[in-house]
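Structural description and commentary
Spelled out from the first residue to the last, the chains are:
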Amino acid sequence: MKEHIEEIERRIEEACLRSNRQREEITLVAVTKSISDERTQQFVDENIQHLGENRTEHLVRKVSTVRGEHVKWHFIGNLQSRKVKDIIEDVSVIHSVDRLSVAKQIDKRASKPIDCFVQVNVSGEASKSGLAPNEVEPFLIALQQYPNVHVIGLMTMAPYGASEEELRHYFRSLRQLRDDMRACQFVHAPCTELSMGMSNDFEIAIEEGATYVRIGTALVGSEEEA
Ligand SMILES: *Cc1c(COP(=O)(O)O)cnc(C)c1O
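Below or above, wherever it landed, is the structure these notes cover. A quick note: this is a predicted structure, and the numbers were derived from the prediction, not measured.

The biggest cluster of nonpolar side chains holds 66 residues, and the ones touching the most others in it are Ile94, Ile106, Leu140, Leu143 and Val213. Examining the composition of this core, we find that 6 residues originate from one element, helix α7 (residues 164-183), more than from any other. Ignoring any residue separated from it by four or fewer positions in sequence, one finds Ile106 in contact with Val84, Ile88, Ile94, Val97, Ile114, Cys116, Asn148 and Val149. Counting residues in hydrophobic clusters, the runner-up holds 6 residues, among them Val93, Phe117, Ile152 and Tyr212.

Laid out in structure tokens, this is it:
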């Protein structure tokens, strides 16, 4: 486990060096969705502080079983409006806002602004959730009515099995879109961050400007391997 963490840290640092970036610009979110509460606790004990879950029930359960003063929970999955209330008190960042119905619930249930990413489907794959790139600006404008939805940036998932060239293209288009949205200077949507990069593509994502990487299998493995 320690070796896995060190190995990922080393690869993040090397990607930073190659792209002339600082390690501090990047938040490592350990995606613990496929490991047990016990193993999740072990990563927290190794000072992993950002944890990502994609099921509201799992996040709620782990919030009560995993102990750590500095733990921050990230919700990265498809979020249903009626389940927003279950996680809203415990979540630090929601990476997957792509519908006004969800934004409306976040706004209604939260007692303070919540950091969110708007999910974008840059590859246009039918199976992926997220907005089409040209829908993002009107969506951000519509979000002005929900002041508790504080959009810190854009998130994407690249298609599995894409070539390096395709990955760079997708990550660059998300970065360009983020830059365009940041330039709009929406008060509720500063759009300074980019959540992109998973086990198979996080180094390329960092080279292309990611500020949050969401790493599951390469970092925490899966319960079967434990
Ligand atoms: C599962 C998941 C990840 C992590 O995937 P790995 O390939 O295991 O690193 C990242 N982001 C989202 C949205 C996920 O669902």
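On the secondary structure map, Gln119 appears in strand β5 (residues 114-119). Leave out the neighbours within four places in its chain, and Gln119 touches His95, Ser96, Val97, Asp98, Ser129, Gly130, Leu131, Met155 and Met157.

All residues in the neighbourhood of the ligand are listed as Val31, Lys33, Ile76, Met155, Met157, Met198, Ser199, Arg214, Ile215, Gly216 and Thr217. Between the ligand and the protein, one listed contact pairs an oxygen atom with a side-chain N or O atom of Lys33 at 2.8 Å. In this structure, a nitrogen atom belonging to the ligand sits 2.9 Å away from a side-chain N or O atom of Arg214. Its free accessible area being 390 Å², the ligand has 87% of it covered by the protein chains.

So, about α7. Taking 1.5 Å per residue, 20 residues should reach 28 Å; α7 reaches 28 Å between its end C-alpha atoms and fits that length. Buried residues of α7: Leu167, Arg168, Tyr170, Phe171, Leu174, Leu177, Arg178 and Met181, and no others. Against α6 (136-142), β6 (149-155), β7 (193-195) and α8 (202-207) lie the buried residues of α7. Looking one or two residues beyond α7, the residue adopting positive phi is Gln185, at roughly 55°.

Moving on, we get to the packing of aromatic side chains. Applying the stated criterion across every chain yields a total of 1 aromatic pair. Taking 5.2 Å as the distance between ring centres and 75° as the angle between the ring planes, the aromatic pair formed by Phe117 and Tyr212 counts as edge-to-face. With a gap of 95 residues between them, Phe117 in strand β5 and Tyr212 in strand β8 (residues 212-215) connect regions that are remote in the sequence. The pair Phe117 / Tyr212 is uniform in exposure class, with both members buried.

Turning our attention to helix α1 (residues 2-18). With 17 residues, α1 should reach 24 Å at 1.5 Å per residue; the first-to-last C-alpha distance of 24 Å fits that figure. Of all the residues in α1, the buried ones are Ile5, Ile8, Ile12, Ala15 and Cys16. In a view along the axis of α1, the buried residues occupy a sector of 105°, so they form one face of it. In α1, the exposed residues that point more than 90 degrees away from the buried face are Glu3, Glu6 and Leu17. Tucked into the core, α1 has its buried residues touching β1 (27-31), α2 (37-45), α8, β8 and α9 (217-220). Asn20 sits one or two positions beyond α1 and adopts a positive phi of about 60°.

Conventions we followed
- Residues numbered from 1 in each chain as written.
- Predicted model: local features only at pLDDT ≥ 70, side-chain atom pairs only at ≥ 80, totals over all residues.
- Heavy atoms only, no water.
- Core = buried A, V, L, I, M, F, W, Y, C linked by side-chain atoms within 4.5 Å.
- Buried < 20%, exposed > 50% of the residue type's maximum accessible area, 1.4 Å probe, protein only.
- Helix = DSSP H or I, 4+ residues; strand = E, 2+ residues; numbered from the N terminus.
- Contact = heavy atoms within 4.5 Å.
- Near = heavy atom within 4 Å.
- Polar contact = N/O pair within 3.5 Å; in protein donor to acceptor, adjacent residues only side chain to side chain.
- Areas by Shrake-Rupley, 256 points an atom, 1.4 Å probe, with all protein chains shown as cover.
- Expected span 1.5 Å × (residues − 1).
- Phe/Tyr/Trp six-rings, centres within 6.5 Å; stacked < 30°, edge-to-face > 60°.
- Arc of directions from axis to C-beta.

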